[in-house]
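What the coordinates show
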Amino acid sequence: MGIRRRGVTATLVGLTLVATGCDDDPTRTAVQGSEVGMPTSTPPSTAVEAGTFAYTTPGRVTLARGRQTLASVSTGDPVRFAEWTADGSRFVAASATRLISIDTATGAKAEVGCQCYEIAVAAGKVFVLDEYGGQDLAVHDVVTLEPAGRMKPSPGTERGLVAVTGAGERVVTFQINGDGARWTADVVVVDQTGGTPHKFGETTIASDLAYTPTGWDGKPKVAYVVIGTSGSSTGQSSVVWFDPATPGVQAETRNQELRALPPGVSEKDWNNTVGNLWWAADGTVRVDASTWTCSGDQPLAGPRCDKPAPQGQWKFDGARWQRTEEHGLTSRRELGGDLSLVRRRPSATSEETALLLDEKGALAPVADKVGRVWTPPSSRAKAPRITLPEVKNVVATTDPAHPYRVTLKWDPVARAVDYQVLTAPGCDLLPPSVAEYKLQKKDLGTATTWTHDQVTSGCMNYIVVAAGLGGESPRQWPGTRAWPYETNTTFAKARSRYFEAAPDPGDRISTITLSPSADHGIVVVRGFIRNKDEFTEMIGDHRGFGTDPYASAKVGIAWDTATGEIGVYVHRSCVAGANVPKPWVAGCKDALPIQFISGAEMIRDDIETPVNYISAVKRPDGSIRVGVSAVNSWGSFLGRINARVILTPSGDSYTANFFGDKFPAWEIYRYPRTAVIGSVRPVAYTIATRDQTSIDDLKGYPTMCFGHGTEQREGKEHPMSCM
């Protein structure tokens, strides 16, 4: 009994398993069988103790029980095959030149030289196939390894044997039945108690042969991977099983569940690697498998293959495949009691692994550079699910610079080999119940941080679960809540008003670009006539202070701090207007042209040029100086609107200083690029406001005003101090 490989890599494609790089380049044939009778026998009793296993390292084979090494033997050449006796009392290993038998109770061993191609352990004997295509088997006593003659399995072996394996009291042989490089073989079971050899079917190259005395239905089973090719580097294979003690045909497994990974891949591009086939104590076949996609078949160039999907462990219970665990390059075998073996591969292409012993969740190293591992099926018992502590200090971070993103961090959990993140949307005062959480991300390995992108829910709640080999941590409640950011609606409106949308009829827009700065959103400086009395209501903008980027103003200057863009918006001039009983205007004239110059605020009131002059200068300290000399479209007889505003960086905002006419009113707002998703009110911050006096002051003395160094975060008035 045992597991073996033939130096190939098995893969899955379509509804069957797939192989790459087959050394014999076979073609795939159907699995067939005959309906002949066969004697049955009772499976032998179990003698092996729980916790027993064997493994290879370069040039050695070692038998152990738990943390105790029973025997470690130099093999010279690499061990090609190994099997256990049906009762687990002995472990037999073979290299190309040495045959070794070890007592699993005492570690006592026997060694002989041999020419070993493959071996089968059955009925107290070791059957050795000397070479590929050999017609008979050398027989040795399983305890002493003394020669006991030779055995020809059946009359139909003239073309030779390609593989053998033990199955209790029987030897399963694979007998070549055709000529040519791409051979096919009859699967013939030879009963060592005197029964007639019986053919079970036909197959191609067999890999990972394995036997158990008690399968899922309590009866003995043999399983193997049959490999075929459909191209130079891809192919199709299938896992085949049969009951060696019961007449019938071989059964070929289907893999619809595995075929679903990853979804949306065409039949010709889907591949899968499978290996490490073994029988578990519950009678199921276990394998390690991972999927990847290949496309293209250019001569000389070959296919283009994406990296594999995560490796997982799968089991077959006689009806279907089911994924049992998914831990990347880690796999596990139960040894019985509180023990299990953990294998960790350093990379997806490595054949050597680190071997660890898991005892009640505590991992202890066994060996490095481990090539093969064997565990007797009769010793495998269901491993207890280890309990991991709850994941602590789960912190969710959001960043205004990265909308729709949440970054999670948490404390590591001892013995965890993977973490999973569960999510549930909701902003209610009562957090979502644990049942409402859904799996969002798995296969994080031992990482203790993960970034969730494209989060569009106003609030997202998170639970992090640590996964151990066979168990996981409790799910913490109420979880951790995050409020991700989205593009701020008022920022988007400011971009539209000053940079992207066409101006309203009669209005004008003009833009220039300065050097970029730190991203603090868009800052808007506006001069408007506030409705303080009937006169200003009639000639003005029919409003008070307000953060709406589309609010009416005589002139507005917007600065996108991240891009350096300056946008100027000038309204048309109307003689009269009001908002009652509904908005109306009269005597309107289109806005005059906009021209960027240096020192625009210095243009005097007596300059009658029909132009709105604007200046914008970026200064070395990161501040910006904005100058305005705007004029009414009907003429400058009332005077020009002159102002200079200096915006100086202050934290993530700016301090404003103003020098200019006392009329009209001025307001300076900042619109952050992002805001918390679902913000109740528009996100607009007031840097400063300055109220107006009378229209006569357009030609009067200017005033100097100073901001307060902090912005008003509720969008309300924030008066400057003037002198």
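Predicted model only: the values in this text are computed from it and were never measured. (Residues numbered from 1 in each chain as written. Predicted model: local features only at pLDDT ≥ 70, side-chain atom pairs only at ≥ 80, totals over all residues. Heavy atoms only, no water.)

With that out of the way, let us pick up the overall build of the protein. When helices and strands are tallied, the protein shows three helices and 57 strands. Evaluated residue by residue, the protein yields a buried proportion of 53% over its 723 residues. (Helix = DSSP H or I, 4+ residues; strand = E, 2+ residues; numbered from the N terminus. Buried < 20%, exposed > 50% of the residue type's maximum accessible area, 1.4 Å probe, protein only.)

Our focus in this paragraph is the packing of aromatic side chains. Tallied over the entire structure, the rule returns 15 aromatic pairs. Note on F91 and W374: the rings are 5.6 Å apart at their centroids and 55° apart in plane angle, and the pair reads as tilted. Of the two residues, F91 is situated in strand 8 (residues 90-94) and W374 in strand 32 (residues 373-374); the sequence distance between them amounts to 283 residues. Looking at F91, the relative accessible area reads 1%, which means it is buried. Taking relative accessible area as the criterion, W374 reaches 1% and is therefore assigned buried. On the basis of an interplanar angle of 55° and a centroid distance of 5.6 Å, the ring pair of W410 and Y419 is categorised as tilted. By relative accessible area, which is 4% here, W410 ends up buried. (Phe/Tyr/Trp six-rings, centres within 6.5 Å; stacked < 30°, edge-to-face > 60°.)

In this fold, H140 is placed in strand 13 (residues 137-141). Residue classification places H140 among the buried residues on the basis of a relative accessible area of 11%. There is a polar contact of 3.0 Å between the side chain of H140 and the backbone oxygen of L145. Apart from the residues lying within four places of it in its own chain, the contact partners of H140 are L99, G124, K125, V126, V128, L145, E146, P147 and A148. (Polar contact = N/O pair within 3.5 Å; in protein donor to acceptor, adjacent residues only side chain to side chain. Contact = heavy atoms within 4.5 Å.)

Another point: the sheet that holds strand 18 (residues 198-203). The strand order across the open sheet formed by four strands is 15-16-17-18, and the pairing between neighbours is antiparallel. Of all the strands in the sheet, just strand 15 (161-167) and strand 18 have a single pairing partner and so form its edges. In this sheet, adjacent strand axes meet at a mean angle of 20° when their direction is disregarded. (Pairing = 2+ DSSP bridges. Axes fitted to C-alpha atoms, helices over the stretch in contact; angles between N-to-C directions.)

Before going further, it helps to examine the pattern of salt bridges. Considering all chains together, one arrives at 28 salt bridges under this definition. Notably, a salt bridge pairs E334 with R332, separated by 3.3 Å at the nearest N-O pair. Like E334, the residue R332 is buried in the burial classification. The residue R670 makes a salt bridge to E711 at a minimum N-O spacing of 2.7 Å. Of this pair, R670 sits in strand 53 (residues 665-671) while E711 is found in the loop between strand 56 (703-706) and strand 57 (721-722), placing the two residues 41 residues apart along the sequence. R670 gets classed as buried once you look at its relative accessible area, which sits at 4%. (Salt bridge = Lys/Arg side-chain N within 4 Å of Asp/Glu carboxyl O.)

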